[in-house]
Amino acid sequence: MSIEIRFNLRQRDGFSLDASFSAPGRGVTALFGRSGSGKTTVLRCVAGLQRARGTCRINGETWQDDATWRPPHRRPIGYVFQEASLFPHLTVRRNLEFGYRLAPASEHRIAIDDAIDLLGIAELLDRAPARLSGGERQRVAIARALLSAPRLLLMDEPLSALDHASKQAIFPYLEGIHNELDLPVLYVSHDPDEVARLADRMILLEAGQVRASGPIGGVMTELRLPLSHFDNASAVVNGVVSAHDETFGLTHVTCGGNRFTLPREDLAVGTRARLQIHARDVSLALNAHHDSTILNIFPAVVADTRDSGSSQMLVRLRLEDGQSLLARITRRSGVALGIREGMIVYAQAKGVATVGT
Amino acid sequence: MAIDWQPVWLTLKLATLTTVILLLLGTPLAWWLARTRCLCRDWIGAVVALPLVLPPTVLGFYLLLLLGPNGPIGQATQALGLGTLPFTFSGLVVGSVLYSLPFVVQPVRNAFEAMGTRPMEVAATLRASPLRAFFSVALPLARPGLLTGAVLGFAHTVGEFGVVLMIGGNIPGETKVLSVAIYDHVESLEWAQAHWLAGGMLVFSFIVVVAMYQLERHMQQARREH
């Protein structure tokens, strides 16, 4: 079960793509990069909408190699475009049925009614696309893609055309897909927070080439890569909800031997939780201060340090269970505390939030 | 005074047949012109558009040469046992199709171009073959353009005169269409008959144009109101 991609493309406008990567055939893999880095081109090549030289093998099936070329309508994909691109001449229901009817009955893994429930679009079925809001359209487009019986879901910045509120409203639906369907997803994005929330792995693209790839916890905190230097750089830590503290309205999430404490979340004990901790919210101490107001204090090993600008430095910390945290501190404090690789420190995380499951 | 209805029926028959042929030929041609990246596109497009600028008599003249007994097409049709086309109803259909071609191809091509490539891509990702996508997505989306093309092609054929005169002549029941009949009546100072036919044409054309506008508005509303 894996996704193996190697694409080679030279376009007339001077852009060239020379990307190869592999990813597990499950979970959400983000294709991350700035605009012009080639992430949408990669996605279009996987769909067969654009033709590059190379190979494309998805979970044991060859969609493209030197001898094979499957046209897009013979690839079991669901494609969600940046703009919803619903067929304007069909009602929502007919849009949903379009791909459903063309897919072989035996390949369906979700019924029309279930997809309608999953995306919360029951009210919209008889409407024309022109009479939907942006968020509604995109939910219909996602349901339509799921109903074409895909074995790989391709999403090209499906949230970027939406305002903040619609974006927040659509996240739970995307997470629902992730949790309820065992469907690998390639997700194009240039928004680190979106990726932190949704993706398991990340392929970082730069100028048409793969700069890095791996689990997002690693790629986002790797100091040699640009993500960790963003102003809103963060680390993502996976854990399990272990208890609620009703007296103080808190939820505990356990990651290895560490217990994170955060404001009460409506999650059942035992469910997986993904925590996002921004680098700017993490400070370092040489001793565990139990008299601090900060609840989340964990021992960690300094894995790497790097200056960021003239006044700040970034520190990558390895927690006891191997997951990484990122801390942004002043260079002055770093020197004062003598922060260096291999050193044991106490990371104090001021803001911890769940960003999904 | 008796109105001779024969030219009226002949004209309607010619215009209907021409419109049907134009939609069948013009739609794929318009699709090709809208989609191809071939460098020959502008040349083919110019040939299709030529009847817009060419005097009908010039088109008729060359058609007469091509289709006539000594023309290459005329010799081919003779060899096939079809006889020659000039001064027959079939010849008139051929001439009308060529003459009205741009009036159908242009609006349909515009509609296909306005649609962009996205709907066809979406259809492909939803497992529709190119042919199925063409019929279930491209054609419905281009419907206003197809309608405009059909109406323009029909009306333009009804009103043609120069080409008819050159390759059709004036054979009652065969090539004597409305416009030629009006001309005939005027020539023989039969003003009353000319009035009836010309007035009828005027009213007909007016109704066609109004109906087209209304239909277009109705379709836009239907799309918005679902």
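Residues numbered from 1 in each chain as written. Chains lettered and ligands numbered in written order. Predicted model: local features only at pLDDT ≥ 70, side-chain atom pairs only at ≥ 80, totals over all residues.

**Describing the overall build of chain A**
Summing up its helical and strand segments, chain A has 8 helices and 20 strands in all. By the compact-globule yardstick of 21 Å for 357 residues, chain A fits well, its C-alpha radius of gyration being 22 Å. By its C-alpha atoms, chain A is 65 × 50 × 35 Å across when sized along the principal axes. Taken over 357 residues, chain A has a buried fraction of 44%. Partitioning the contacts of chain A with sequence separation of at least 6, the portion at a separation of at least 24 is 66%. (Helix = DSSP H or I, 4+ residues; strand = E, 2+ residues; numbered from the N terminus. Rg over C-alpha atoms; globule rule 2.2 N^0.38 Å. Buried ≥ 20, exposed ≤ 12 C-beta atoms within 10 Å, placed from the backbone. Contact = placed C-beta atoms within 7 Å.)

**Brief notes about the overall build of chain B**
When its secondary structure is counted, chain B shows 11 helices and 0 strands. Walking chain B from its N terminus toward its C terminus, one meets helices and strands in the order α-α-α-α-α-α-α-α-α-α-α. Taking the principal axes of the C-alpha coordinates as reference, chain B spans close to 65 × 45 × 30 Å. The 226 residues of chain B split such that 35% are buried. A sequence separation of at least 24 residues applies to 71% of the contacts in chain B between residues at least 6 apart.

**Let's talk about the packing of helix α6 (residues 118–125) of chain B against helix α7 (residues 130–141) of chain B**
For any two helices packed against each other, one specifies the crossing angle of their axes together with the interaxial distance. All names here are of chain B. It is the contact of α6 with α7, at a shortest axis distance of 10 Å, that shows an interaxial angle of 150°. The orientation of α6 with respect to α7, classified from their angle, is roughly antiparallel. Between α6 and α7 lies a crossing whose hand is right-handed. Counting all contacts with α6, which are made through P119, M120, A123 and A124, the residues of α7 involved are A133, V137, A138 and L141. Residue classes in the contact of α6 with α7 are distributed as 8 nonpolar, no polar and no charged. (Axes fitted to C-alpha atoms, helices over the stretch in contact; angles between N-to-C directions. Parallel < 35°, antiparallel > 145°, perpendicular 65-115°, else oblique. Left-handed = near helix turned anticlockwise from the far one by under 90°. Nonpolar A, V, L, I, M, F, W, Y, C, P; charged D, E, K, R; others polar.)

**Things to note about the environment of B:V8**
All names here are of chain B. Mapped onto the fold, V8 is located in helix α1 (residues 6–35). Judged by the 18 C-beta atoms lying within 10 Å of it, V8 is partly exposed. As for V8 and G169, which are separated by 161 residues in sequence, their C-alpha atoms are 16 Å apart.

**Let's talk about the domain arrangement of chain A**
Residue and element names in this part refer to chain A. When its domains are assigned, chain A resolves into domain 1 (2–219) and domain 2 (234–354). In this structure, domain 1 and domain 2 have C-alpha centres spaced 33 Å apart. Every contact between the two is made by 4 residues of domain 1 and, on the other side, 7 residues of domain 2. Tallying contributions element by element places helix α7 (residues 216–219) first for the side of domain 1 that touches domain 2, with 3 residues. Here the side of domain 1 that touches domain 2 is composed, by residue class, of 2 nonpolar, 2 polar and no charged. (Domains from an automatic or database assignment.)

**With respect to the sheet that holds strand β7 (residues 152–156) of chain A**
All names here are of chain A. Strand order in the open sheet made by the 6 strands is β6-β7-β8-β3-β9-β10, with mixed pairing throughout. Two strands close off the open sheet at either side, each with one partner strand: β6 (77–80) and β10 (209–215). Along the sheet, successive strands turn relative to each other by an average axial angle of 15°, direction set aside. Pairing of strand β3 (residues 28–32) with strand β9 (residues 201–206) involves 4 bridges; the strand directions are parallel. Bridge pairing in β9 places L31 opposite I203. (Pairing = 2+ DSSP bridges.)

**Overview of the interface of chain A and chain B**
Counting residues at the interface gives 22 residues for chain A, matched by 16 residues for chain B. At the level of secondary structure, the elements contributing two or more residues to the side of chain A that touches chain B comprise β6 and α2 (92–102) of chain A. Among the elements that take part in the side of chain A that touches chain B, α2(A) stands out by supplying 3 residues, more than any other. Partitioning the side of chain A that touches chain B into residue classes produces 13 nonpolar, 6 polar and 3 charged.

**Things to note about the pairing of strand β11 (residues 234–245) of chain A**
Residues and elements named next belong to chain A. Pairing between β11 and strand β14 (residues 272–278): 7 bridges, direction antiparallel. If you follow A235 over to β14, its bridge partner there is I277. By the bridge criterion, 5 bridges tie β11 to strand β12 (residues 250–255) in an arrangement that is antiparallel. Its bridge partner lying in β12, V241 is registered against V253.

**Some thoughts on the sheet that holds strand β17 (residues 312–318) of chain A**
Strand pairing in a sheet relies on backbone hydrogen bonds, with the paired strands running either antiparallel or parallel. Residues and elements named next belong to chain A. Read from one edge to the other, the open sheet built from 5 strands follows the order β15-β19-β16-β17-β18, with strand pairing classed as antiparallel. Two strands close off the open sheet at either side, each with one partner strand: β15 (282–285) and β18 (324–330). Each strand axis lies, on average, 45° off the axis of its neighbour in the sheet, ignoring direction. As defined by bridge partners, β15 adjoins strand β19 (residues 344–349) across 4 bridges and the pair is classed as antiparallel. Directly across from L284, in β19, lies its bridge partner A347.

**Topic: the packing of α1(B) against helix α8 (residues 143–158) of chain B**
Residue and element names in this part refer to chain B. At a minimum axis distance of 8 Å, the contact between α1 and α8 shows a crossing angle of 140°. For the element pair α1 / α8, the angle class is oblique. For the pair α1 and α8, the crossing hand works out as right-handed. Two secondary-structure elements touch here, α1 through T11, L14, A15, T18, T19, L22, L23 and G26 and α8 through L146, G149, A150, G153, F154, T157 and V158. When grouped by side-chain class, the residues that make up the contact of α1 with α8 number 8 nonpolar, 7 polar and no charged.

**What about α8(B)?**
Residues and elements named next belong to chain B. The terminal C-alpha atoms of α8, which comprises 16 residues, lie 22 Å apart, in line with the 22 Å expected from a rise of 1.5 Å per residue. For α8, the tally of buried residues reaches 12 of 16 residues, placing the bulk of the element in the interior. Along α8, the positions that sit buried rather than exposed are G145, L146, T148, G149, A150, V151, L152, G153, F154, H156, T157 and V158. (Expected span 1.5 Å × (residues − 1).)

**Side note on the nonpolar core**
A:A30, A:L31, A:A143, A:L154, A:Y187 and A:L325 are the most contacted members of the largest nonpolar core, which has 145 residues in total. With 11 residues, helix α5 (residues 89–115) of chain B is the largest single contributor of residues to this core. Counting contributing residues, this core receives three or more from each of domain 1 (2–219) and domain 2 (234–354) of chain A. The contacts of A:L31, once residues within four sequence positions are left out, are A:K39, A:V42, A:L43, A:L186, A:Y187, A:V188, A:I203 and A:L205. (Core = buried A, V, L, I, M, F, W, Y, C linked by C-beta atoms within 7 Å.)

**Examining helix α1 (residues 39–47) of chain A**
What sets the pattern is the α-helix's 3.6 residues per turn: residues three or four places apart point alike. Of all 9 residues in α1(A), 8 are buried; the element is thus mostly enclosed. Within α1(A), the full set of buried residues consists of A:K39, A:T41, A:V42, A:L43, A:R44, A:C45, A:V46 and A:A47.

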